[in-house]
Amino acid sequence: QYSPDSVPGADGQINPTEVTFPGCSCRSSSCELPKCPCLCRGHNYSSLCLAEQQEQPFSRPVFECNSLCCCGEGCHNRLVQRGLQLRLQVFRTQRKGWGVRALEPIPRGRFVCEYAGEVLGFAEAQRRIQAQTAQEPNYIIAVREHLHDGRVMETFVDPTRIGNVGRFLNHSCEPNLFMVPVRVDSMVPKLALFAAADISAGEELTYDYSGRFHNLPGASREHKPLEEENSLRKPCYCGSSTCASFLPWDSSLFSTP
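Residues numbered from 1 in each chain as written. Predicted model: local features only at pLDDT ≥ 70, side-chain atom pairs only at ≥ 80, totals over all residues. Heavy atoms only, no water.

Engineer: Explain helix H2 (residues 122-131) here, please?
Structural biologist: Given 3.6 residues per helical turn, the α-helix brings residues three or four places apart onto the same face. Within H2, the full set of buried residues consists of Glu124, Ala125, Gln126, Arg128 and Ile129. Taken together, the buried residues of H2 touch strand S8 (118-120) and strand S10 (152-158). (Buried < 20%, exposed > 50% of the residue type's maximum accessible area, 1.4 Å probe, protein only. Helix = DSSP H or I, 4+ residues; strand = E, 2+ residues; numbered from the N terminus. Contact = heavy atoms within 4.5 Å.)

Structure representation (structure tokens):
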């Protein structure tokens, strides 16, 4: 079932459509710093692109204006919530199954699409992972945000049954997209994919499933798997010069408490 936005999972634990953030009282057509509290919360956009982050130990979060804000729909701080604006094509690759390519040039930093699906709690995400066979494709993504005080916020999204075009994006060890959690109405983030470089028309769109790309070393929970876990790993066919030979591996959803 196609859905442009993430939806509550079948476990009913998390509702990504719930509005819990207060809105700004900006009356202008487009919000500006330092008047807008939404913009003051974190990182901001420049035109239709994510502004370059300065070198620092942690990136700043992104908070868009939301449905309770007084600013107009044309506010420049409303980007990911507008959804897909580019022409993309799902196509059949030679070795990787389905993939997605751009049908128009995409400049670096431009928002491309969201990775949308059912937003699950940990228990349901783990149950679904463990119910899969080694031959089945896994679409569940586990995103972990490391806060400055040591806490880790986890988001699990599964587009297996309900999702959008992001479901068909392939992994690459040298990707041209990177993922950013973007918050609009609540702390449940939209998993937004932005262009990591200028992308040509016809080029396949990829991102790094492991979370290594654009992140500090050690931010990923990927590790060298045990010998018995190798049977669950899938080969990587990205073809890059730094290819790791296997798709990224995260054992946390496979392990039992």
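Having seen the structure, we can now continue with the description.
Engineer: Can you help me understand unusual backbone geometry in this one?
Structural biologist: Excluding glycine, most residues fall at negative phi; most peptide bonds, likewise, are trans. Note the cis peptide between Leu33 and Pro34, where omega equals 0 degrees. Positive phi, normally seen in glycine, also occurs at Ser245, with a value near 75 degrees. Considering the arrangement of structural elements, one finds Ser245 in the segment after strand S14 (206-207).

Engineer: What exactly am I supposed to notice about the environment of Val165 here?
Structural biologist: Tracing the sequence through the fold places Val165 in the loop between S10 and strand S11 (170-171). Expressed as a C-alpha distance, the spacing of Val165 and Leu88, which sit 77 residues apart in the sequence, is 8.5 Å. Non-local contacts of Val165, meaning those with residues more than four positions away in its chain, are made with Tyr2, Leu84, Leu88, Val90, Val100 and Cys113.

Engineer: Sorry, what's going on with the pattern of salt bridges here?
Structural biologist: This model, assessed by the stated rule, comprises 11 salt bridges. We note a salt bridge from Asp158 to Arg128, for which the minimum N-O separation is 2.7 Å. Placement of Asp158 in strand S10 and of Arg128 in helix H2 is noted, with a sequence separation of 30 residues between them. A relative accessible area of 6% means that Arg128 is categorised as buried. Among the ionic pairs, Glu145 bridges to Arg183, the shortest N-O distance being 2.6 Å. (Salt bridge = Lys/Arg side-chain N within 4 Å of Asp/Glu carboxyl O.)

Engineer: Where do I start with the sheet that holds strand S1 (residues 7-8) in this structure?
Structural biologist: Sheet strands pair by backbone hydrogen bonding; their relative direction is either parallel or antiparallel. Spatial ordering of the open sheet is given by S1-S8-S10-S9, a layout of 4 strands whose pairing is mixed. Of all strands in the sheet, those with a lone pairing partner are S1 and strand S9 (141-146), marking the two edges. Bridge analysis of S8 against S10 gives 3 bridges, and the strand direction is antiparallel. Following the sheet pairing, Leu120 is matched in S10 by Phe156. (Pairing = 2+ DSSP bridges.)

Engineer: Got a minute to help me understand the pairing of S10 in this structure?
Structural biologist: Here S9 runs beside S10; their pairing, made up of 6 bridges, is antiparallel. Counterpart to Ala142 in the pairing with S10 is Phe156. Counted between consecutive antiparallel strands, the loop separating S9 from S10 contains 5 residues, among which Gly150 sits at a positive phi close to 95 degrees.

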